[in-house]
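Chain by chain, the residues run as shown.
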Amino acid sequence: MNERSDRPVLVVGIAGGIGSGKSTLARTLVNTLGPAQATRLPHDAYYRDGFPVPAGARDGDIPDTIDQALFLEQLALLRAGRPIRPPHSSVLTEHRMGEAAVVTPRPIVIVEGLLLLWDPAVRAALDLTIYLDAPERVRLERRLARNSAERGRTTDDALTQFAVAIRHAHRTYVEPTRAMADLVLSTGGRLEPIAEIAVAV
């Protein structure tokens, strides 16, 4: 963790609802720009450990579930040219399991997260902000596919969670941040053209 870079850093934030394509776009940008130019930092890694929300309800997030102070501290280190080790949380248990792999500073740091644009202090720490806007139907379809492939949840469970928690959280905490973004991109279709636009920007 002693490696240091004195190169200037551009921090790009990507926000949007669950299933809007944030992680896919962030990974695509890193792959397109190249690992020597860009790195990715997931804002969702900074959930508070043991935050008092019902088990399995974290996807209906509220802003207080994020440890913004730790996130801002580590983002400042990246901007200063210092590597960091973000927290590592389990999707299934919703508890921290130590630290994730080292994130090395690069000229472009791409941060993506559901609630990324909610906190004014976090918005102020980002140089460029992008909001991915996808219809609810598309976001739900993508979520169902991801739950089946990665989390082993049944379709009924995912639909219930979406109806009970996720839709409300999106309308209350995520969708309002659309107006706070520098750039809004529609992601109802294929993400490749969106990635080309984002790289150009």
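The structure under discussion appears in the preceding block.
Residues numbered from 1 in each chain as written. Predicted model: local features only at pLDDT ≥ 70, side-chain atom pairs only at ≥ 80, totals over all residues. Heavy atoms only, no water.

Draft legend 1. Layout of the overall build of the chain. For the chain, the count of helices and strands is six helices and seven strands. Ordering the α and β elements of the chain from the N terminus gives β-α-β-α-β-β-β-α-β-α-α-β-α. For the chain, the proportion of its 201 residues judged to be buried stands at 46%. Look at the contacts in the chain between residues 6 or more apart in sequence, and 74% of them connect residues 24 or more apart. (Helix = DSSP H or I, 4+ residues; strand = E, 2+ residues; numbered from the N terminus. Buried < 20%, exposed > 50% of the residue type's maximum accessible area, 1.4 Å probe, protein only. Contact = heavy atoms within 4.5 Å.)

Draft legend 2. Layout of the sheet that holds strand β7 (residues 183-186). Spatially, five strands are ordered β2-β5-β1-β6-β7 in an open sheet, and the strand pairing comes out parallel. This sheet does not close on itself; its edge strands, each paired only once, are β2 (38-42) and β7. Each neighbouring strand pair of the sheet contributes to a mean axis angle of 25 degrees, computed without reference to strand direction. Of the strands in this sheet, β1 (10-16), β2, β5 (108-112) and β6 (128-133) are in contact with helix α1 (residues 22-33), which crosses β5 at around 165 degrees. The strands touched by helix α2 (residues 68-79) are β1, β2 and β5; relative to β5, the strand with the most contacts, the crossing angle is about 160 degrees. (Pairing = 2+ DSSP bridges. Axes fitted to C-alpha atoms, helices over the stretch in contact; angles between N-to-C directions.)

Draft legend 3. The arrangement of the pattern of salt bridges in detail. Per the counting criterion, the structure on display carries four salt bridges. The salt bridge partner of Asp-127 is Arg-79, with a shortest N-O separation of 3.2 Å. Residue Asp-127 is found in the loop between α3 (120-124) and β6, and its partner Arg-79 is found in helix α2; the two are separated by 48 residues along the sequence. The exposure class assigned to Arg-79 is partly exposed, which follows from its relative accessible area of 33%. (Salt bridge = Lys/Arg side-chain N within 4 Å of Asp/Glu carboxyl O.)

Draft legend 4. Here's a closer look at the pairing of β6. Here β1 pairs with β6 via five bridges, running parallel. Along β6, the bridge assignment pairs Ile-14 with Ile-130. Summarising the sheet, β6 and β7 pair through four bridges and their orientation is parallel. Note that in β7 the partner of Leu-132 across the bridge is Leu-185.

Draft legend 5. Just the packing of aromatic side chains, in detail. Per the counting criterion, the structure on display carries two aromatic pairs. Judged by centre distance (5.3 Å) and plane angle (80 degrees), the rings of Trp-118 and Tyr-173 are edge-to-face. Remark: Tyr-173 occurs in helix α5 (residues 155-174) and Trp-118 occurs in the loop between β5 and α3; sequence separation between them is 55 residues. (Phe/Tyr/Trp six-rings, centres within 6.5 Å; stacked < 30°, edge-to-face > 60°.)

Draft legend 6. Quick peek at the environment of Pro-135. Relative to the helices and strands, Pro-135 resides in the loop between β6 and α4 (136-151). The sequence separation of Pro-135 and Ser-186 amounts to 51 residues, and the corresponding C-alpha distance is 8.7 Å.

Draft legend 7. Local environment of α1. Its twelve residues give α1 an end-to-end C-alpha distance of 16 Å, which sits within 8% of 16 Å, the value for a rise of 1.5 Å per residue. Within α1, the full set of buried residues consists of Lys-22, Leu-25, Ala-26, Leu-29 and Val-30. Within α1, the buried residues cover an arc of 135 degrees as seen down the axis, which keeps them to one side. Trailing α1 by a residue or two, Gly-34 shows a phi angle of about 100 degrees, which is positive. (Expected span 1.5 Å × (residues − 1). Arc of directions from axis to C-beta.)

Draft legend 8. Looking closely at α2. Over its twelve residues, α2 runs 16 Å from end to end, which matches the ideal 16 Å to within 8%, given 1.5 Å per residue. Every buried residue belonging to α2 is among Gln-68, Leu-70, Phe-71, Gln-74, Leu-75 and Leu-78, and all of these are buried. Summarising the axial view, the buried residues of α2 lie within an arc of 160 degrees, below the 170-degree limit, and thus occupy one face. The inward-facing, buried residues of α2 contact β1, β2, β3 (87-89), β4 (96-99), β5 and α3. Looking one or two residues beyond α2, the residue adopting positive phi is Gly-81, at roughly 90 degrees.

Draft legend 9. Looking closely at the environment of Pro-63. With respect to the secondary-structure elements, Pro-63 resides in the loop between β2 and α2. Residue Pro-63 is classed as buried on the basis of its relative accessible area of 16%. As a C-alpha pair, Pro-63 and Asp-119 span 56 residues in sequence and 8.0 Å in three-dimensional space.

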